[in-house]
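If you want the building blocks of each chain, they are given just below.
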Amino acid sequence: MNRQKRRTGRRHPLATVALLAIGLVFTGGAYAALSAGTTAQAETDTTSQQTIDEGKKLFQANCATCHGLSAQGTDNGPSLIGVGAAAVDFQVGTGRMPMQMQGPQAQEKPVQFTDEQVKQLAYYVASLGPGPDIPSDHLVNGGGDAASGAELFRINCAMCHNVAGAGGALTEGKFAPPLTDVSGVHIYEAMVTGPQNMPVFNDLNISPEDKRDIITYLKYVQDNASPGGFELGSLGPVAEGLFIWIFGLGAIVAITVWITAKSN
Amino acid sequence: MSTASPTTDTQKRSFTTSAAVYVNERTSIAGFIKELGRKAFPDHWSFLLGEVALFSFVVILISGTFLTFFFQASMAEVHYDGSYVPLKGVEMSVAMASTLDISFDVRGGLFVRQMHHWAALLFVAAIGLHMLRIYFTGAFRKPREFNWVIGFTLFILAMAEGFTGYSLPDDLLSGNGLRIIDGLVKGIPVIGTWTSFLIFGGEFPGTQIVGRLYSLHIMILPALVIAFIALHLVFVVVHKHTQYAGPGKTQQNAVGPPILPIYAAKAGGFFFIIFGVIALIAALFTINPIWNYGPYDPSPVSAGTQPDWYIGFADGALRLIPPGWEFVWLDRTWSFNIIVPLVAIGIFIVLVLMYPFIEAWITGDKREHHIADRPRNAPTRTAIGAAGVTFYAGLWAAASSDILATHFWLTMEGVIHALQAVVVIGPFIAYFITKRVCIALQKKDREIVLHGYESGRIVRLPGGEYIEVHEPLDEYDRWRLVSFESYAPLMIRPNARGKITAGQRFRASLSRWFFEDRIAPVTKGELESGHGEHH
Amino acid sequence: MAQDDNSGAELAAADSSHAAHESDASPGTALIVQDAFENPGFPAHRPRVTDENPQREKRAQRTVYTLFYLSIVGSLWAVAAYMLFPMESNNAGDVRLNNLFFGLGAALALLALGIGIVHWGKSVMQDVELVDERHAIGGTPETQAAAVKVFTDADRESGFTRRSVIRNSLIAAIVVFPLPAVVAFRGLAPQDQLPVPLLSHTMWSKGTRLTLDPSGAPIKAADVTIGSAFHVIPEGLTDLEHGKLDEKAKAAVLLMRLEPGDLNELPERKDWSYDGIVAYSKICTHVGCPVALYEQHTHHLLCPCHQSQFDVSNHCEVIFGPAKRPLPQLPIAVDDEGYLIAQSDFTEPVGPSFWERH
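- Named according to an unreviewed UniProt entry, chain C is Cytochrome bc1 complex Rieske iron-sulfur subunit originating from Agromyces terreus.
- Taken directly from UniProt, the Sequence similarities (unreviewed entry) text for chain C runs: "Belongs to the Rieske iron-sulfur protein family."

- Chain A goes by Cytochrome bc1 complex cytochrome c subunit in an unreviewed UniProt entry, where it is assigned to Agromyces terreus.
- Per its UniProt entry, chain A bears the Catalytic activity (unreviewed entry) comment "a quinol + 2 Fe(III)-[cytochrome c](out) = a quinone + 2 Fe(II)-[cytochrome c](out) + 2 H(+)(out)".
- Here is the UniProt Subunit (unreviewed entry) comment for chain A, exactly as written: "The cytochrome bc1 complex is composed of a cytochrome b (QcrB), the Rieske iron-sulfur protein (QcrA) and a diheme cytochrome c (QcrC) subunit."

If you want it as structure tokens, here you go:
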């Protein structure tokens, strides 16, 4: 069929009309989506009190055991007054909270709530006291300067998270997690809130634009496979040494056995 | 062609013959070929491990030469302007920038760089495995003691080559490695501060070190490695290769395929295989991604900062020192947290280097040994080797204590404490277990020689008793199990002046330690009288 | 040297498997067993499949030349990959493809060639096994005697032993002659500097502002919130023309803010911090790695190289690992504009210990 069409070599008169229609649908759709976005934004503003109330219910059902009924903190969990929406979005949005058990540090788990519920919780906690907000999209979409981000990452982050974001060990069984599949929003929120034992990097230490650069670099590392081939976990010389002993020398020893075995 | 040749020979010559004659009349090579060409080379997989090292060194030389055409060993600061986006505009040394250019702007450059580095890791690993083979089969005994020393020197030179090369790109990882070397050198009593000052041409990091390491890396060290390899191989020719015990093999012969053609084909082919394996690894697996590490800067560091595997034991030794081993005494700082690991490693190296002479002194055996031992037939030597391996492995593992902690869900403190135990107590446990295992295996060998193999066939005797039929060994299989040497502990005897010296006592106690619980090979008499005891 | 001989008569004779040329070498404490088994000699030669079955031999030959042709394919593939996968600027993916395909071609060429040659040697070449005689490594007694004679003749003719003054002065001259070369190596380090003063001082001095690494922007005390960690360099470091890294290697500082109640400060250092803000050298006192892994709740600092741990709340004393000394503290204050400044240089040398340090 295709071949036949090509042989005629002429565009159907309706093609232009179809193209126009498609174009209109796309631009219209995009416009609709955009305006829907803005209206959605407006909706959150207007319905924020409702969101907060929903969040409060969720909080009291799921978090109050450790953090107290009004998030004032207990012996089992810190006060959440003033930690901001960013902290909640990070802790709950990565599954670290609610915690499964007390341990050296909260582990990443499958997320317990829907995105909407996470937002409700976040805005409830944010309503208790001023704190860092969830960052806007332009800061976390990876549109910054990767080179500047890489330099900042090496100075501020690599000693715990490894230069390639592969993670690393801390004291007494704690560890800095790998950043290889963490979303930009969560990286940003971690920097501003300092979850677990991570220090806080406020906007006067690393400016929002610098944070965007750091996320851009991490996105670059996530999106671009290593030019040299498989990365062996980006763990550096330990992985390389184990590889050459087990697979390199292992394969070669198998070959020596073949070379010296009597041919059959 | 050959008819036109002005030779006095009446017979016609082929072109190859004429060419050979032409060369020989100018080089006297015929004698050499006659001597070497049909030498027998014993065949066993473990005899090829040294070749793995040799061939990976050839790959290193070839790939390294290519790299020298592009690498610039300068620490002058430039702003990177190559293809790798996350480093664009970053200030770095010319050495780092040229290494990045090799990786991203020279076609095939990254491949050659990765081959060079993987081959270097393989080179040192192959030397290590080769040395273990020599040790555990006793192939270092007379007349090969010097060759053991030469080989071990090569191992150390290879590590030096590796470390100098690792430091050349001036990236963050290797820069922190040099920082550790600087701290290590400064901790040496008396000369440390000045030694570091001279090495780095002033304060750390300075602007000299990469150029200096480059001189060592591409001139002095490779020249030494090549010279020692040549010496090593000359001795292999002079001594002829060892062989394992087997029917027809004696201390006076060497049995195997001739060098020309079979051995040459196998070794020649093996060279290309090694080259190919390294190429395959370099094509598929990243090594030393300096673009992730970024340029050296004394402020940042990466989690999981480790040296290449062969320096790991030294780094691990530093990690295992408990807190507080540093004192100010006589107005000077005594850094035992550095002196102790350095001295411990130094003693270990000297013991390994001297081992052939120590064992020769204990046994007093002055004969040549060309038959390699099975490890079980020298239980004490094998056990000492296992202890040494455990010690080394403990230090080596300590160099990755943080990675062990994160990957096995342990605390790094726990890993360090466990490895401290491995390094201090582990060798004794390994010694004891290995010695018992060796002796048990020797006893099993005796059983087999005396009573034959278990055939797996159960027979009921007329009296109702069930027995398993044992098949006797043929004489060839038996020879493999009985042809080893057994030593008696040295008896203390007064010397000519009727005295027993302290040295004699010491030697006797070492000899007892070595040979007290030896197992002797089965003799003909034992087999005859042993027959019929069972079945 | 102790005696090699032994008490037991059984130990006296040489091993029967040692031939006459070695009979004088001592076996040491090796046991010489009288009724040991005898070497049964070589077993019968076992032919290979390719020796007996002409078809298998043909097949082996085919395999060998197929491998050689395959090797040619690999080489050509690598050349083609070199041209087909150029490295366009700014794209790491192109480098990956170039590396992968060029490398795979080269690997195929080499492996096929090597396996082909070995297979030829194993299966097609005649399966010959030779027996070489070994000879004593020391050579015959005549050769040894001749060599000894060469030396004695040379000694007699030169008078090396006899003319002891000449000989000894020669040895002395040979021992001394490398000295100038050794001295020349002094030039490895600058002539006009000494290491100890350099190691004892850093760029910090009274009033130097604490600035951010790498931008060099000054830091206000109010900017440092609790739980923060700032990576700090002295003001002016980024403007240095020479020795920037040398200075940074000594002056790098980590700035942290704790709850003032969590800080347990030494009495003489009470005024070295500012409202819970403390500044410590980032250079490990063990062998000099940057210690920058700060845990904001435990207040532990961890060195990633050798796992030394320092307790920031307890004036950075060592709580684990090979380091001995606490990290040096930089005394800080706040200037009129609210920026953090150093009160002075560090009061002790930073970084790894060295001999002259006390």
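1. Topic: the sheet that holds strand β7 (residues 300-302) of chain C
Line of reasoning, step 1. Here four strands make up an open sheet; going across it, the order is β6-β7-β8-β9 (chain C) and the pairing antiparallel. The sheet terminates laterally at β6 (293-295) and β9 (317-320) of chain C, the two strands that pair on one side only. Averaged over all pairs of adjacent strands, the angle between their axes in this sheet comes to 30°, without regard to strand direction.
Line of reasoning, step 2. Relative to strand β8 (residues 309-311) of chain C, β7(C) runs antiparallel, the two sharing three bridges. Considered in β8(C), the bridge of C:Leu301 is made with C:Phe310.
Line of reasoning, step 3. Lying on the sheet, helix α16 (residues 412-424) of chain B is in contact with β7, β8 and β9 of chain C; it crosses β9(C) at an angle near 70°.

2. Side note on the domain arrangement of chain C
Line of reasoning, step 1. Along its sequence, chain C is organised into domain 1 (60-124), domain 2 (141-184) and domain 3 (198-342).
Line of reasoning, step 2. If you average the C-alpha positions of domain 2 of chain C and of domain 3 of chain C, the two centres end up 62 Å apart.

3. Re the state of the cysteines
All names here are of chain C.
Line of reasoning, step 1. Applying the stated criterion to the full structure yields one disulfide over all chains.
Line of reasoning, step 2. Two residues, Cys289 and Cys305, share a disulfide whose sulfurs are 2.2 Å apart. Its torsion about the S-S bond being -90°, the disulfide of Cys289 and Cys305 is classed as left-handed. Placement of the pair is Cys289 in the loop between β5 (277-281) and β6 and Cys305 in the loop between β7 and β8, with a sequence separation of 16 residues. As far as the burial class goes, Cys289 and Cys305 line up, both buried.
Line of reasoning, step 3. Of all cysteine sulfurs, the one in Cys284 lies closest to Cys316, which takes part in no disulfide; the gap is 11 Å.

4. Details of a nonpolar patch on the surface
Residue and element names in this part refer to chain B.
Line of reasoning, step 1. Taken together, the side chains of Phe146, Val343, Ile347, Val350, Leu351, Met354, Phe357 and Ile358 present a nonpolar region at the surface, about 700 Å² in accessible area.
Line of reasoning, step 2. The element contributing the most residues to the nonpolar patch is helix α13 (residues 336-363), with seven residues.
Line of reasoning, step 3. Within the element layout of this structure, Val343 appears in helix α13.
Line of reasoning, step 4. Val343 sits in the partly exposed class, given a relative accessible area of 44%.

5. Concerning the UniProt feature "binding site: heme c 2" (unreviewed entry) in chain A
Line of reasoning, step 1. The UniProt record annotates "binding site: heme c 2" (unreviewed entry) at A:Cys157, A:Cys160 and A:His161.
Line of reasoning, step 2. Structurally, A:Cys157 is set in the loop between α8 (146-156) and α9 (158-161).
Line of reasoning, step 3. Looking at A:Cys157, the relative accessible area reads 11%, which means it is buried.
Line of reasoning, step 4. Contacts of A:Cys157, omitting those with residues within four sequence positions, involve A:Leu152, A:Asn162 and A:Ile214.
Line of reasoning, step 5. Within the fold, A:His161 resides in helix α9.
Line of reasoning, step 6. The residues contacting A:His161, other than those within four sequence positions of it, are A:Phe153, A:Ala166, A:Gly167, A:Ala176, A:Pro177, A:Leu179, A:Met198 and B:Ala303.

6. Some remarks on the packing of α13(B) against helix α14 (residues 379-398) of chain B
Residue and element names in this part refer to chain B.
Line of reasoning, step 1. Direction vectors running N to C along α13 and α14 enclose 175°, while the axes themselves pass 12 Å from each other. The angle between the axes of α13 and α14 places the two elements in the roughly antiparallel class. The segment α13 lies against α14, with Phe348, Tyr355 and Glu359 engaging Arg381, Ile384, Gly388, Phe391 and Tyr392.
Line of reasoning, step 2. Looking at the contact of α13 with α14, its residues break down into five nonpolar, one polar and two charged.

7. What to know about the pairing of strand β4 (residues 253-256) of chain B
Line of reasoning, step 1. Where burial is concerned, the two faces of β4(B) agree: the one with B:Asn253 and B:Val255 and the one with B:Ala254 and B:Gly256 are both buried.
Line of reasoning, step 2. Direction of pairing for β4(B) relative to strand β1 (residues 130-133) of chain C: antiparallel, over a ladder of four bridges. Residue pairing in the sheet places B:Ala254 in a bridge with C:Asp132 of β1(C).

8. A short note on the domain arrangement of chain A
Residues and elements named next belong to chain A.
Line of reasoning, step 1. Here chain A is partitioned into domain 1 (40-134) and domain 2 (135-252).
Line of reasoning, step 2. Taking the mean C-alpha position of each, domain 1 and domain 2 sit 26 Å from one another.
Line of reasoning, step 3. Contacts between domain 1 and domain 2 engage 16 residues on the former and 15 residues on the latter.
Line of reasoning, step 4. Buried surface at the junction of domain 1 and domain 2, summed over both partners, amounts to about 1,300 Å²; 57% is from carbon and sulfur atoms.
Line of reasoning, step 5. When the buried area of domain 1 at its contact with domain 2 is split by residue, Phe90, Gln105 and Ile134 rank highest and sum to 42% of it.

9. Regarding the pattern of salt bridges
Residue and element names in this part refer to chain C.
Line of reasoning, step 1. Here the structure, examined in full by the defined rule, presents 35 salt bridges over all chains.
Line of reasoning, step 2. With a closest N to O distance of 2.7 Å, Arg257 and Asp275 form a salt bridge. Taken as a pair, Arg257 in strand β4 (residues 253-257) and Asp275 in the loop between β4 and β5 lie far apart in primary sequence, 18 residues in all.
Line of reasoning, step 3. In this structure Arg257 comes out as buried when scored by relative accessible area, which is 15%.

10. Details of the UniProt feature "transmembrane region" (unreviewed entry) in chain C
Line of reasoning, step 1. According to UniProt, the feature "transmembrane region" (unreviewed entry) maps to residues 64-85, 100-120 and 170-189 of chain C in the numbering used here.
Line of reasoning, step 2. Helix makes up 65% of residues 170-189 of chain C and strand 0%, and the two end C-alpha atoms of the span are 33 Å apart.

11. Section: the side chain of B:Lys435
Residue and element names in this part refer to chain B.
Line of reasoning, step 1. You can see Lys435 is positioned in helix α17 (residues 426-451).
Line of reasoning, step 2. Looking at Lys435, the relative accessible area reads 5%, which means it is buried.
Line of reasoning, step 3. Within polar-contact distance, the side chain of Lys435 engages the side chain of Thr380 at 3.0 Å.
Line of reasoning, step 4. Looking at Lys435, its side chain comes within polar contact range of the main-chain oxygen of Trp513, at 3.4 Å.
Line of reasoning, step 5. Residues in contact with Lys435, not counting those within four places in the same chain, are Pro379, Thr380, Ala383, Trp513, Phe514 and Asp517.

12. Concerning the sheet that holds β5(C)
Residues and elements named next belong to chain C.
Line of reasoning, step 1. Reading across the sheet, the five strands line up as β2-β3-β4-β5-β10 and stay open at both edges, with antiparallel pairing between neighbours. Edge positions in the open sheet fall to β2 (210-212) and β10 (329-330), since each of these has one partner strand only.
Line of reasoning, step 2. Sheet topology note: the β2/strand β3 (residues 229-234) ladder contains three bridges and is antiparallel. Its bridge partner being in β3, Thr211 is matched across the sheet by Ile233.

13. Observations regarding the packing of aromatic side chains
Line of reasoning, step 1. Tallied over the full model, the rule gives 50 aromatic pairs over all chains.
Line of reasoning, step 2. A connected cluster of aromatic rings, assembled from ring pairs, spans A:Trp245, B:Trp309, B:Tyr310, B:Phe313, B:Tyr392 and B:Trp396.
Line of reasoning, step 3. The lysine or arginine in question, A:Lys211, covers the ring of A:Tyr188, its NZ or CZ lying 5.7 Å from the ring centre.
Line of reasoning, step 4. Over the aromatic face of B:Tyr22 sits the side chain of B:Arg26, whose NZ or CZ is 3.8 Å from the ring centroid.

14. Here we look at the UniProt feature "binding site: heme c 1" (unreviewed entry) in chain A
Residue and element names in this part refer to chain A.
Line of reasoning, step 1. Following the UniProt record, the feature "binding site: heme c 1" (unreviewed entry) maps to Cys63, Cys66 and His67 here.
Line of reasoning, step 2. Residue position: His67 is located in helix α4 (residues 64-67).
Line of reasoning, step 3. Setting aside residues up to four positions removed in sequence, His67 forms contacts with Phe59, Gln72, Gly73, Thr74, Gly77, Pro78, Leu80 and Met97.

15. Considerations on the interface of chain A and chain B
Line of reasoning, step 1. With 49 residues of chain A at the interface, the matching set in chain B holds 62 residues.
Line of reasoning, step 2. Summed over both sides, the interface of chain A with chain B buries roughly 4,600 Å², with 74% coming from carbon and sulfur.
Line of reasoning, step 3. Where chain A touches chain B, the interface holds zero salt bridges.
Line of reasoning, step 4. Put simply, chain A and chain B have 14 residue pairs in polar contact (both at pLDDT 80 or more) between them.
Line of reasoning, step 5. Listed by contribution, the elements that provide at least two residues to the side of chain A that touches chain B are α8, α9, β1 (168-169), α11 (208-223) and α12 (237-260) of chain A.
Line of reasoning, step 6. Broken down by element, the residue count for the side of chain A that touches chain B peaks at 17 residues, all from α12(A).
Line of reasoning, step 7. Class assignment for the residues of the side of chain A that touches chain B results in 30 nonpolar, 15 polar and four charged.

Parameters and conventions
Residues numbered from 1 in each chain as written. Chains lettered and ligands numbered in written order. Predicted model: local features only at pLDDT ≥ 70, side-chain atom pairs only at ≥ 80, totals over all residues. Heavy atoms only, no water. UniProt positions renumbered as here; feature names shortened; annotations may be inferred. Pairing = 2+ DSSP bridges. Helix = DSSP H or I, 4+ residues; strand = E, 2+ residues; numbered from the N terminus. Axes fitted to C-alpha atoms, helices over the stretch in contact; angles between N-to-C directions. Contact = heavy atoms within 4.5 Å. Domains from an automatic or database assignment. Disulfide = S-S within 2.5 Å. Buried < 20%, exposed > 50% of the residue type's maximum accessible area, 1.4 Å probe, protein only. Patch = residues over 30% accessible without salt bridge, like charges linked within 9 Å, V, L, I, M, F, W, Y side chains within 5 Å. Areas by Shrake-Rupley, 256 points an atom, 1.4 Å probe, with all protein chains shown as cover. Salt bridge = Lys/Arg side-chain N within 4 Å of Asp/Glu carboxyl O. Parallel < 35°, antiparallel > 145°, perpendicular 65-115°, else oblique. Nonpolar A, V, L, I, M, F, W, Y, C, P; charged D, E, K, R; others polar. Buried area = accessible area lost by both parts, 1.4 Å probe. Polar contact = N/O pair within 3.5 Å; in protein donor to acceptor, adjacent residues only side chain to side chain. Phe/Tyr/Trp six-rings, centres within 6.5 Å; stacked < 30°, edge-to-face > 60°. Lys NZ or Arg CZ within 6 Å of the ring centre and 35° of its normal.

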